[in-house]
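Working through the structure, step by step
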Protein chains: 6
Amino acid sequence: MRVTVHRRAHFNAAHRLYRKDWSFEKNDQVFGKCNNPNFHGHNYELIASVTGDIDPETGYVIDVKILKDIIKSEVEDAFDHKNLNLEVPEFQELNPTAENIVVVIYNKIKKHLNPDFDLEVTLYETPRNFVTYSGE
Amino acid sequence: MRVTVHRRAHFNAAHRLYRKDWSFEKNDQVFGKCNNPNFHGHNYELIASVTGDIDPETGYVIDVKILKDIIKSEVEDAFDHKNLNLEVPEFQELNPTAENIVVVIYNKIKKHLNPDFDLEVTLYETPRNFVTYSGE
Amino acid sequence: MRVTVHRRAHFNAAHRLYRKDWSFEKNDQVFGKCNNPNFHGHNYELIASVTGDIDPETGYVIDVKILKDIIKSEVEDAFDHKNLNLEVPEFQELNPTAENIVVVIYNKIKKHLNPDFDLEVTLYETPRNFVTYSGE
Amino acid sequence: MRVTVHRRAHFNAAHRLYRKDWSFEKNDQVFGKCNNPNFHGHNYELIASVTGDIDPETGYVIDVKILKDIIKSEVEDAFDHKNLNLEVPEFQELNPTAENIVVVIYNKIKKHLNPDFDLEVTLYETPRNFVTYSGE
Amino acid sequence: MRVTVHRRAHFNAAHRLYRKDWSFEKNDQVFGKCNNPNFHGHNYELIASVTGDIDPETGYVIDVKILKDIIKSEVEDAFDHKNLNLEVPEFQELNPTAENIVVVIYNKIKKHLNPDFDLEVTLYETPRNFVTYSGE
Amino acid sequence: MRVTVHRRAHFNAAHRLYRKDWSFEKNDQVFGKCNNPNFHGHNYELIASVTGDIDPETGYVIDVKILKDIIKSEVEDAFDHKNLNLEVPEFQELNPTAENIVVVIYNKIKKHLNPDFDLEVTLYETPRNFVTYSGE
């Protein structure tokens, strides 16, 4: 019996959408007000969803405390109250769009999980805009 | 890397569930208070979910502003503050159940998208009743 | 010790904003798309808040089941899946704006309560537009 | 056209996570404060999602009232305001983790549905911790 | 300039509504299924609202971290994953209705605050049932 | 009959909590990670609540479209996707704590309202931290 265990978390961060190798005009045309050089920010909400077999001994797929701790060390401690462009190594050369952030978070969490588990990550940039990635 | 981009939108509308070719009694038996001839209404909430590859240049699957504009012209402008039975052409002969509405919305959005994109639409009739369609 | 007990409820209804004694043009100018003659609709959410002393015997200000039953008979049974303009007597001559609806609901609930209780009613027309009335 | 119809419901219950055949110490080590012998509790939120073809006659996949009634008799009447460990037969020998509860709920609902329908159940133990099961 | 600072928190607990000095029948008549002797439970959500003058030096009324720590020690550590009737001293002789719980929480938080501050506490027993107390 | 009309809006912004006239160490001690010199950010949610008499002609206290337009020009256009410290004149010398931001927003909206109206503004910095100001 494969069940999915979901854990919700959140972090606040500043970011700016742009490519260093493009002119300001081109960045402005493509990214609009998200290209503000002084940055803007979001309360990001995150759902990490782990699918696996129920352990018949404990009744758990994964102890939610373990998943919570992975999210804390890999995502919250790394991103919360940070400037994604300036302070998070993964975005030094990678534009911090919601799509790119969710892939980075997926990879940071996935490496701590039993390979038998499937992972899907949903990232809310705002309550109206969100993205999902499951490693495909 | 295939990522899903979700955009939430909403519209308010009146509707009535019934078939013109059924008697009032039969409509009443099948659709209950939803068959009120004077109509009732909902704040419909909509999530359009577009799945595709991340464009390595921009970091976007699809610019959310493009998706927002498609939803605005195809759904909000067409349905908001309308009577679905009387004023929306798609429901002249089609009973505006949540199931039928979500299929109509799917088709209206899908035709504007790159065919490489997958689309899924979720429509909330109320916070407790909602439907999903992905073209299958 | 005066404590406030809140109970949330909801109903779906159709309505139209207009005055019978105004021209269509004037109604249109004042009420815009809310003046659609074919009606539109909402999922109304309601919070009834009753303030009174805690009964030292039961630990209740008011048994929530009593409040729930008052809301059911006075509001849900009277308004749910109805056309407010055509089917609800209170709005035969009264424009069903959120402001007028909340006053009507306040009066319908208040008459069932112990006069020592204060009442406040909040009515959500949409998650972004809502009104509050407390009898002042 | 296969559409998914979702219905949200809820129940409140007390529970304790532990195995009768383990020592208190082992239960404590594995289940932490969830092993409180005096129980703790939750407002469980439930989404039952039924996927099937739209009936071209009614425009329904399944009448939501039917789904609502199945959930009421199989889940709400059976679990609401109950102690899952002491009063719900399914958990006499089964640890009431969210994973095990969602499988039990899935089985209780599935047997009432047309076998052509797919079912998925999501169970929120808290707004941050939830699980999903679809019979695989 | 008096501003109110709100902090939201939550805890899970089991409880039972009854009076030791009443018969089971009387408790059952007054408290219904909330009188289940095996307990039931809730995810309680809490909002503590502190009103005071903005400190012109820091721009804070109260550092939210201080308020968060008071709530943690006085409410979360004391109530979370507990059986209110059996394990929380305040409810040994006091029926743990939402009204009584909110007054207890108010008193536990208030004693840590500068007396110039006003306090209001809102406690959600469920998303539909909640109570507010401000010391009046 | 005085009724309160509430309108919800939102904006995203970056900010940093600090005083220019304090050392980095003192800022760090008082404002912790909110003093990150590279900024962090939030999805701010705003509720503007206007209290006044119902106009017996229209049934409105204030046309919500008017309130929506005031919020758009005074708050959304001025703050959205901005760095509050660097780009918003009001915070050149004022620390952008939630308390100070809500007072600024109150003053920007209040000047556009009929003086007979009362105004209250609630500002969510995160879903768990929010503030309210009503001009007292």
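This text follows the structure it describes.
Residues numbered from 1 in each chain as written. Chains lettered and ligands numbered in written order. Predicted model: local features only at pLDDT ≥ 70, side-chain atom pairs only at ≥ 80, totals over all residues. Heavy atoms only, no water.

Each copy of the sequence occupies a distinct position, and chain A is placed on chain F by a rotation of 180° and an axial shift of 0.0 Å, giving an RMSD of 0.0 Å. This pairing of chains is accounted for by a two-fold axis. (Least-squares fit on C-alpha atoms with pLDDT ≥ 70 in both.)

So, about the relation of the copies chain C and chain B. Both copies of the chain are related by one operation, a rotation about an axis with a shift along it. Rotating chain C by 180° about the axis while translating it 0.0 Å along that axis superimposes it on chain B, leaving an RMSD of 0.0 Å. Take the interface residues of chain C: 100% of them recur as interface residues in chain B, which is what a same-surface contact looks like. (Contact = heavy atoms within 4.5 Å.)

As enumerated under the stated definition, the model contains 61 salt bridges over all chains in all. Ionic pairing is found between A:Lys72 and A:Asp77, a salt bridge with its closest N-O pair at 2.7 Å. For B:Glu74, the salt bridge is made with B:Lys108, and the minimal N-O distance between the two is 3.5 Å. Remark: B:Lys108 occurs in helix α4 (residues 98-110) and B:Glu74 occurs in helix α2 (residues 64-79); sequence separation between them is 34 residues. B:Glu74 gets classed as buried once you look at its relative accessible area, which sits at 12%. (Salt bridge = Lys/Arg side-chain N within 4 Å of Asp/Glu carboxyl O. Helix = DSSP H or I, 4+ residues; strand = E, 2+ residues; numbered from the N terminus. Buried < 20%, exposed > 50% of the residue type's maximum accessible area, 1.4 Å probe, protein only.)

Once that is clear, we can look at the interface of chain A and chain F. Facing the 22 residues of chain A at the interface are 22 residues of chain F. For the pair chain A and chain F, the number of links is two salt bridges. Residue A:Asp80 pairs with F:Lys33 through a salt bridge whose shortest N-O separation is 2.8 Å. Residue assignment for the side of chain A that touches chain F shows that the elements contributing at least two residues are β1 (2-15), β2 (40-53), β3 (82-83) and α3 (84-87) of chain A. When its residues are assigned to classes, the side of chain A that touches chain F shows six nonpolar, ten polar and six charged. (Nonpolar A, V, L, I, M, F, W, Y, C, P; charged D, E, K, R; others polar.)

C:Phe79, C:Ile105, E:Phe79, E:Ile105, F:Phe79 and F:Ile105 are the most contacted members of the largest nonpolar core, which has 106 residues in total. Excluding residues that lie within four positions of it along the chain, C:Phe79 makes contacts with C:Phe11, C:Asn12, C:Ala13, C:Leu84, C:Val88, C:Phe91, C:Ile101, C:Val104, C:Ile105 and C:Lys108. The next biggest cluster of nonpolar side chains, apart from the first, holds 105 residues, and it includes A:Ile105, B:Ile62, B:Leu84 and D:Leu113. (Core = buried A, V, L, I, M, F, W, Y, C linked by side-chain atoms within 4.5 Å.)

Here we come to the packing of helix α2 (residues 64-79) of chain C against helix α4 (residues 98-110) of chain C. All names here are of chain C. Here α2 crosses α4 at 140°, and the two axes come no closer than 9 Å. When the interaxial angle is binned, α2 and α4 end up oblique. Of the two elements, α2 crosses α4, and the hand of that crossing is right-handed. Two secondary-structure elements touch here, α2 through Ile70, Ile71, Glu74, Val75, Ala78 and Phe79 and α4 through Ile101, Val104, Ile105, Lys108 and Ile109. Across the contact of α2 with α4, the residue classes break down as nine nonpolar, no polar and two charged. (Axes fitted to C-alpha atoms, helices over the stretch in contact; angles between N-to-C directions. Parallel < 35°, antiparallel > 145°, perpendicular 65-115°, else oblique. Left-handed = near helix turned anticlockwise from the far one by under 90°.)

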